[in-house]
Amino acid sequence: MRDHDLNTLEWPKILERLAAFAAFAWGAEKARALRPSGSLMEVQTRLAETEEARRLLALEPGFDLGGVRDLRALLEAAQHGATLSPADLLAARDTLRAVRRIRRILLRRAEALPHLAQHAGRMQEFPELEAEIERCLDEAGEVKDDASPLLYTLRTEIRRLTHEIHARLQSYLTDPRYAPYLQEPLITLRGGRFVIPVKAEHKGKIPGLVHDTSASGATLFIEPLPVVELGNRLRALQAQEEKEVARILAALSAAVGAQAEGIRSTLEALADLDLALAKARYAIALRAERPEIVPWPEEPPERRAVSPLYLRQARHPLLDPQRVVPIDVTPDPSTFILILTGPNTGGKTVALKTVGLLAIMAQSGLHIPAAEGSRLPVFDGIYADIGDEQSIEQNLSTFSAHLLNILGFLEAATSRSLVLLDELGAGTDPVEGAALARAILEHLHARKTTTLVATHFPELKLWAQTTPGAINASVEFDPETLAPTYRLRIGLPGRSNAFLIARRLGMPEALIARAQEYVSPQALRLEALLAEAERLQAEAARAYEEAEQARAAARALEEEWKARLAQIEAERERMLREAREQIEALLREAQEETARIRRQLQAVRQAEVEAAQRRLEALQARLREALARAAPSIEAPSEPAFAVGDRVWVRPLQAEGEILSLEGEEADVQVGRWRLRMTLADLERRERPGPTRPEPPPAAALRPSPVPLDLDLRGMRVEEALPLMEKFLDEAFLAGMPFVRIIHGKGTGALRRAVRERLKTHPHVESLEPTPDDGATLVRLAR
């Protein structure tokens, strides 16, 4: 496309705004060099890339090209053997580090962002070079001590010598003999040498070299002779240090130069990515939408089903978005020429520029400030003749300049071009100008060229009304305020509002009536018909707007309920997830507590069994001794020591139980809710059923109702928990349970303290013991 047409439509201003969103210089250059493409595939690719960039900014809100620098100049210098400054080397390191971060983010999202991932595929990583710069330079740009063994040695010796020099000079400052000769007690530098300030009148009192004199001449800066040799050695070491630092910087620069081509191609990929991100940010700022790009229909206009040019709520991108009035350019499928009429400053030129700029933006890959559903074809040329083309240098009038510009593209325009003509035929005799304008329009009509024309000629209104493929349009005028509304109406030509304006401004009715006598009756009837058509169209527009508002409200309500349902569903899922997690945590805690209790029971049982076994053995030994001493008399029949159904005292547990079965020296004993296997030596018979005793009920009927081992009071208040604990202890005591566990949790400790205070004085409690985690209390019941 011609630069003249792009400049006429103010395309460079769009590019400057786009460049402001670029992150670094090369990206901004690419933005300023952006030109529309005439390839359908390339335009669709560019728009898809902008769409992906917007998606990336939504997926990665903090994503940017931070750290990237334009390294082209320093890469060129490094390739030619120049030594780069530490700041340049750090810029290279920061850029390489940013490349690594950016590349990995894009490749990780390659499936969702295929076009941006192609840019990432062109980028290279240079971890060795990045690490070497990092190893040699600190963040301030200073070469690190360990950049090389030699540099480390030199700087170690420099620090040692510097310290020795300071110590020698400090001895002068603290020696009372030299105090009268010193201007002030400090060590300073002159010419790279450490010196002390001596009063000029005492020059010979401290032998040494004078390196500088104060402005007044009252102070001499002297390096004492004992320090001179040390200073010379220090200067020699510093020279070697500078040489080694220069060597290290040269080596790093050579490493950058060796990778210059790869880094340059990576930078170009970054610049292309930067341009895509700039397009995305500009689109967000404009509240722009991606237009639909449609191929040109093969059939002629009169047989088309849809118009390829269709813009809804289009806004001029350079005007204030809060004040600009959107326009609808929605011609019917058979229309390709739009004749736009209306008052001056009514918005006709802005409408032409809006259409032209939005077409250029779309073909450049930019989203356009228009409503969703807008569509555009790919024009093979966009030609504009807008504004004052007068040329003083070429001695051309406005009319001649316009005509030369139009002749420059008249033959180039095709059925796939866009032509924008402002005030066609103006600047000359109205009759001849209207004739020339009509001839140009007929030429473009014959070529089926998409054309928008702004004019005041009534002859062109009539031509549009009677020519297939052409249609009238106008910018709206408010008769109440006598000001344009800037809204575009397709289908009606602009009315002449001269009589209306004159009446509003106070012109006498007699003069207005005389003026109307000079207008042909046909023109008056046309004005009346146009007024009626405007009224009907306004009513239809209001009805359409109300319907659109109702549809929008319905859609908003639908979206709101969808959002609410989604929120409810998400909350339900969250609550279910939290409940599952709590249940799983409680199960884990219960399992761990059960295992711990089992281990404690096993340990207690084993210790008590062993103690009982020892007592039994001692008892048996005493019994055997007694039997040996006693002389047996007449044997009398003896009844067995224990029998099923006997009530017995279980010594290890200090609890009462009932024998359920006997097997050798062991018995199964029901103690509370537990059935235990005990040795007969641990049992003491309390009572045996009489011979006339009726048949005992089944064992299950004799057992007390089961009482749980644990009582969980967590979450209760003290006044709720204590009565429950009292009832639980009574039931456990009656069931013959040896011990129970009261779970009170930790919390603030109020419930724990209340529970333990009550247990200390409870008649059923023999002793109590806190669990290791202090969340429960083990209670041994009295017997």
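Residues numbered from 1 in each chain as written. Predicted model: local features only at pLDDT ≥ 70, side-chain atom pairs only at ≥ 80, totals over all residues. Heavy atoms only, no water.

Some details on the overall build of the chain
Then comes step 1: Each helix and strand counted, the chain has 21 helices and 23 strands in total.
Then comes step 2: At a minimum sequence separation of 6, the contacts of the chain that also span at least 24 residues come to 67%.
Then comes step 3: Accessible surface for the chain amounts to roughly 42600 Å². Of this, 55% is attributable to carbon and sulfur atoms. (Helix = DSSP H or I, 4+ residues; strand = E, 2+ residues; numbered from the N terminus. Contact = heavy atoms within 4.5 Å. Areas by Shrake-Rupley, 256 points an atom, 1.4 Å probe, with all protein chains shown as cover.)

Focus: empty space enclosed by the protein
Then comes step 1: Here the structure, examined in full by the defined rule, presents 3 cavities of 30 Å³ or more.
Then comes step 2: Each pocket or cavity is described by its volume, and for the largest cavity that value is around 110 Å³.
Then comes step 3: Lining the largest cavity are 16 residues, with Leu309, Pro331, Thr335, Phe336 and Thr450 sitting closest to its centre.
Then comes step 4: For the lining of the largest cavity, the secondary-structure elements that each account for two or more residues are strand E8 (337-341) and strand E12 (450-454).
Then comes step 5: With 3 residues, the top contributor of residues to the lining of the largest cavity is E12.
Then comes step 6: Taken together, the residues of the lining of the largest cavity sort by class into 11 nonpolar, 4 polar and 1 charged. (1 Å grid on protein atoms, 1.4 Å probe; cavity = no way out; pocket = protein on both sides within 12 Å on 5 of 7 lines; lining within 4 Å. Points joined across faces, edges and corners; volume = space filled by probe spheres on them. Nonpolar A, V, L, I, M, F, W, Y, C, P; charged D, E, K, R; others polar.)

Quick notes on the pattern of salt bridges
Then comes step 1: The full count for this structure, using the stated rule, is 58 salt bridges.
Then comes step 2: With a shortest N-O distance of 2.9 Å, glutamate 132 and arginine 135 are connected by a salt bridge. With a gap of 3 residues between them, glutamate 132 and arginine 135 both fall in helix H8 (residues 127-136), about one helical turn apart.
Then comes step 3: A salt bridge links arginine 155 to aspartate 145, with the shortest nitrogen-to-oxygen separation between them at 2.8 Å. A residue pair is termed long-range when its members are at least 10 positions apart, and arginine 155 in helix H9 (residues 149-174) and aspartate 145 in the loop between H8 and H9 qualify at 10 residues. (Salt bridge = Lys/Arg side-chain N within 4 Å of Asp/Glu carboxyl O.)

Quick word on the packing of helix H2 (residues 11-19) against helix H3 (residues 25-32)
Then comes step 1: Close contact between H2 and H3 brings their axes to 8 Å; oriented N to C, the two are set at 160°. Classified by the interaxial angle, the pair formed by H2 and H3 is roughly antiparallel. Handedness of the crossing formed by H2 with H3: right-handed. Only Ala28, Ala31 and Arg32 of H3 make contact with H2, whose side of the interface consists of Leu15, Glu16, Leu18 and Ala19. (Axes fitted to C-alpha atoms, helices over the stretch in contact; angles between N-to-C directions. Parallel < 35°, antiparallel > 145°, perpendicular 65-115°, else oblique. Left-handed = near helix turned anticlockwise from the far one by under 90°.)

What to know about the nonpolar core
Then comes step 1: Within the largest apolar cluster, 56 residues are counted, with the highest numbers of intra-cluster contacts made by Leu9, Trp11, Leu18, Leu311, Val329, Ile368 and Leu418.
Then comes step 2: Among the elements that line this core, the one with the most residues is helix H12 (residues 348-363), at 9 residues.
Then comes step 3: Leucine 9 has contacts with Lys353, Gly356, Leu357, Ile360, Ile382, Ala384, Ile386 and Leu420, leaving out every residue within four places of it along the chain.
Then comes step 4: Phe24, Leu89, Ala120 and Ala147 belong to the second largest nonpolar core, which has 50 residues in total. (Core = buried A, V, L, I, M, F, W, Y, C linked by side-chain atoms within 4.5 Å. Buried < 20%, exposed > 50% of the residue type's maximum accessible area, 1.4 Å probe, protein only.)

Looking at the packing of aromatic side chains
Then comes step 1: The tally for this structure, following the rule as stated, stands at 4 aromatic pairs.
Then comes step 2: Seen from their ring centres, tyrosine 172 and tyrosine 178 are 4.9 Å apart, and the 40° between their planes marks the pair as tilted. In terms of burial, tyrosine 172 and tyrosine 178 fall into one category: buried.
Then comes step 3: Its end group placed over the ring of phenylalanine 221, arginine 190 keeps NZ or CZ at 4.0 Å from the ring centre.
Then comes step 4: When the ring centre of tryptophan 561 is taken as origin, the NZ or CZ atom of arginine 564, which lies over that ring, is 4.8 Å away. (Phe/Tyr/Trp six-rings, centres within 6.5 Å; stacked < 30°, edge-to-face > 60°. Lys NZ or Arg CZ within 6 Å of the ring centre and 35° of its normal.)

Some remarks on the confidence of the model for the chain
Then comes step 1: Residues at a pLDDT of 70 or more form 87% of the chain, whose mean pLDDT is 85.
Then comes step 2: Here residues 389-395 scores under 50 on pLDDT; set against residues more than four positions off or in separate chains, the count is 10 contacts.
Then comes step 3: Within the model, pLDDT remains below 50 along residues 691-705, and this stretch shows 7 contacts once partners closer than five positions in the same chain are excluded. (pLDDT = per-residue confidence, 0-100.)

Let's talk about the sheet that holds strand E22 (residues 765-770)
Then comes step 1: Taken in spatial order, the 4 strands make up an open sheet running E20-E21-E23-E22, and their pairing is mixed. The sheet is open, and its two edges are formed by strand E20 (710-712) and E22, each paired on a single side. Each neighbouring strand pair of the sheet contributes to a mean axis angle of 20°, computed without reference to strand direction.
Then comes step 2: Strands E20, strand E21 (739-743), E22 and strand E23 (776-781) of the sheet are contacted by helix H20 (residues 718-734), whose axis makes an angle of about 165° with E21.
Then comes step 3: The strands touched by helix H21 (residues 750-761) are E21, E22 and E23; relative to E22, the strand with the most contacts, the crossing angle is about 150°. (Pairing = 2+ DSSP bridges.)

Structural notes on helix H7 (residues 114-122)
Then comes step 1: Those residues of H7 not exposed but buried are Leu116, Ala117, His119 and Ala120. Along H7, the residues classed as buried sweep out an arc of 150° about the axis, all on the same side. Of the exposed residues in H7, the ones pointing more than 90 degrees away from its buried face are Gln118 and Gly121.
Then comes step 2: On its buried face, H7 sits against helix H4 (40-59), helix H6 (86-108) and helix H11 (260-286). (Arc of directions from axis to C-beta.)

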